[in-house]
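# Chains, contacts and geometry: an overview
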Amino acid sequence: MDHMNVLWIFAHPDQRSLNGALRDEGLCALRELGHHVRESDLYAMGWNPVLDRSDFEQQPSGRLLVGAEQERAYLDGTLRADIRAEQDKLEWADAVVLHFPLWWFGPPAILKGWLDRVLAQGLGFGVKDADGRTRRYGDGGLAGKRGLVVTTVGARESSFGPRGIHGHIDDVLFPLSHATFFYTGMDALPPYVVYGADRLDAAGFAEAAHGLRERLRALPTEEPIPFRPEASGDYDEDLVLRPDIAPGRTGLAVHRRDGGPTADRLSRRVLESR
Ligand code: FAD
């Protein structure tokens, strides 16, 4: 696919920020490449991140069974208009970019709330196949789409490396790459991370912007992270990795078929060269 529909979800409160400048670069690059782009600038939209009863046009009078109510309202078209508008954009998209500064090891609350409200049961999770099996991890309501995290972090690269104090960046971003993109059926691309963001000078920005443009150029073709699909036979009926797969190993990287994060090898090279 040459030209894609790309949905860019942006979560920073200041347009003049480093992230705002990177977002401008990213959107510009995508348009130059001929892609169709739509943006959800969550702060600029005044996006409400809080999932509650008011998400439903026909509010249940008794207990709020959140997932079941989401599914009913999704299928009836009675989720609140702001949610439906985002779901329409999502259904239009071939690729989704989640772009944010890393705050407390995750996305800002406004973006977490976009996931809570937009990836509703019936679309993002709880989607069943003809045999009644839940489609997830490598299959699901968003199968066929690609997902890319673009984030800036205050810490330096080595401290997010294989033995870095913050934990490996691939582990830190696992809730988005594995538990969100891959869970919903999307192909999770390796994240694009700008390290040492609080100290970035003009040369650092130029490098970060160039790197982002390169990654976006590869958006249609880049190999996704090789996570193991749930239906691959690698897991038993309790959803535990079979003992003959990556024997003796534990940790999040066991859910990848390539035996460990690409970033590990890249980071190792960085560390060795120091
Ligand atoms: P800005 O503050 O806008 O800019 C950062 C630097 O980039 C400035 O020096 C600016 O001059 C420079 N810059 C260079 N070129 C440009 C340009 N063209 N436009 C704008 N600025 C430019 N970090 C972690 O590693 N882990 C965490 O868990 C974590 N949690 C955090 C939680 C909170 C609540 C906060 C506020 C910060 C946290 N941080 C954490 C740090 C955070 O990730 C960085 O502050 C953030 O990534 C910087 O992005 P920004 O867009 O806000 O940068």
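On a predicted model such as this, the values are computed, not experimentally measured, just so you know.

Helix and strand content of the chain: nine helices and six strands. Taken against the 2.2 N^0.38 rule, which gives 19 Å for 274 residues, the C-alpha radius of gyration of the chain at 19 Å falls within 12% of a compact globule. When its C-alpha atoms are laid out on the principal axes, the chain stretches across 60 × 50 × 35 Å. Within the chain, the fraction of its 274 residues that count as buried is 47%. Within the chain, residue pairs in contact and separated by at least 24 positions form 74% of the contacts whose partners lie at least 6 positions apart. Here the chain has roughly 13500 Å² of accessible surface; of this, 51% comes from carbon and sulfur atoms. Charged side chains of the chain number 33 positive and 41 negative; the gap between the two group centres comes to 2 Å.

Glancing now at the side chain of His99. Here His99 shows up in strand S3 (residues 95-101). Of the residues examined, His99 reaches a relative accessible area of 0% and is grouped as buried. In this structure, His99 is in contact with Trp8, Ile9, Phe10, Ala11, Asn19, Leu22, Arg23 and Val150, ignoring residues within four places of it in sequence.

Here we take up the pairing of strand S2 (residues 36-41). In terms of strand pairing, strand S1 (residues 5-10) meets S2 through six bridges, oriented parallel. Opposite Val6, over in S2, you have Val37 as the bridge partner.

Turning next to the environment of His36. Relative to the assigned elements, His36 resides in strand S2. For His36, a relative accessible area of 45% gives the class partly exposed. For the pair His36 and Asn5, spaced 31 residues apart in sequence, the C-alpha separation works out to 4.8 Å. Residues in contact with His36, not counting those within four places in the same chain, are Met4, Asn5, Val6 and Trp92.

Moving on: the UniProt feature "domain: Flavodoxin-like fold" (unreviewed entry) in the chain. In the numbering used here, UniProt assigns the feature "domain: Flavodoxin-like fold" (unreviewed entry) to residues 4-215. Span residues 4-215 is 37% helix and 15% strand, its end C-alpha atoms 14 Å apart.

Surrounding the ligand, one finds 20 residues, the nearest of these being His12, Asn19, Trp104, Thr152 and Asp198. Gly154 is positioned with one of its backbone polar atoms (N or O) 3.1 Å from a nitrogen atom of the ligand. The biggest single contributor to the shell around the ligand is helix H1 (residues 18-32), with three residues. Residue classes in the shell around the ligand are distributed as 13 nonpolar, five polar and two charged.

Let's shift gears to the packing of helix H4 (residues 81-92) against helix H5 (residues 109-118). It is the contact of H4 with H5, at a shortest axis distance of 10 Å, that shows an interaxial angle of 90°. Judged by the angle between their axes, H4 and H5 are roughly perpendicular. Of the residues in H5, those touching H4 at Asp82, Ile83, Glu86, Gln87 and Leu90 are Trp114, Arg117 and Val118.

Here we take up the environment of Pro191. Topologically, Pro191 is positioned in the loop between strand S5 (187-188) and strand S6 (192-194). Each C-alpha atom, one on Pro191 and one on Pro13, is 22 Å from the other, the two residues being 178 residues apart in sequence. Each residue touching Pro191, except ones within four places of it in the same chain, is listed here: Leu148, Val149, Asp170, Leu173, Arg215 and Ile225.

Okay, H1 next. Here H1 spans 21 Å end to end across 15 residues, near enough to the 21 Å set by a 1.5 Å rise per residue. Among the residues of H1, those classed as buried are Asn19, Gly20, Leu22, Arg23, Gly26, Leu27, Ala29 and Leu30. Gly34 lies just past H1 and shows a positive phi near 90°.

Attention shifts here to the packing of aromatic side chains. What the rule picks out here adds up to six aromatic pairs. A centroid spacing of 6.1 Å and a plane angle of 65° characterise the contact between Phe105 and Phe160, whose relative ring orientation is edge-to-face. You can see Phe105 sitting in the loop between S3 and H5 and its partner Phe160 sitting in the loop between strand S4 (146-152) and helix H6 (169-172), a full 55 residues away along the chain. Summarising the aromatic geometry, the rings of Phe160 and Tyr195 are spaced 6.3 Å apart at their centres and angled 50° between planes, so their arrangement reads as tilted. Of the two residues, Phe160 sits in the loop between S4 and H6 while Tyr195 sits in the loop between S6 and helix H8 (202-217), which places them 35 residues apart along the sequence. The lysine or arginine in question, Arg117, covers the ring of Trp47, its NZ or CZ lying 4.9 Å from the ring centre.

What counts and what doesn't
- Residues numbered from 1 in each chain as written.
- Predicted model: local features only at pLDDT ≥ 70, side-chain atom pairs only at ≥ 80, totals over all residues.
- Heavy atoms only, no water.
- Helix = DSSP H or I, 4+ residues; strand = E, 2+ residues; numbered from the N terminus.
- Rg over C-alpha atoms; globule rule 2.2 N^0.38 Å.
- Buried < 20%, exposed > 50% of the residue type's maximum accessible area, 1.4 Å probe, protein only.
- Contact = heavy atoms within 4.5 Å.
- Areas by Shrake-Rupley, 256 points an atom, 1.4 Å probe, with all protein chains shown as cover.
- Lys, Arg positive; Asp, Glu negative; His and termini not counted.
- Charge placed at Lys NZ, Arg CZ, Asp CG, Glu CD.
- Pairing = 2+ DSSP bridges.
- UniProt positions renumbered as here; feature names shortened; annotations may be inferred.
- Near = heavy atom within 4 Å.
- Polar contact = N/O pair within 3.5 Å; in protein donor to acceptor, adjacent residues only side chain to side chain.
- Nonpolar A, V, L, I, M, F, W, Y, C, P; charged D, E, K, R; others polar.
- Axes fitted to C-alpha atoms, helices over the stretch in contact; angles between N-to-C directions.
- Parallel < 35°, antiparallel > 145°, perpendicular 65-115°, else oblique.
- Expected span 1.5 Å × (residues − 1).
- Phe/Tyr/Trp six-rings, centres within 6.5 Å; stacked < 30°, edge-to-face > 60°.
- Lys NZ or Arg CZ within 6 Å of the ring centre and 35° of its normal.

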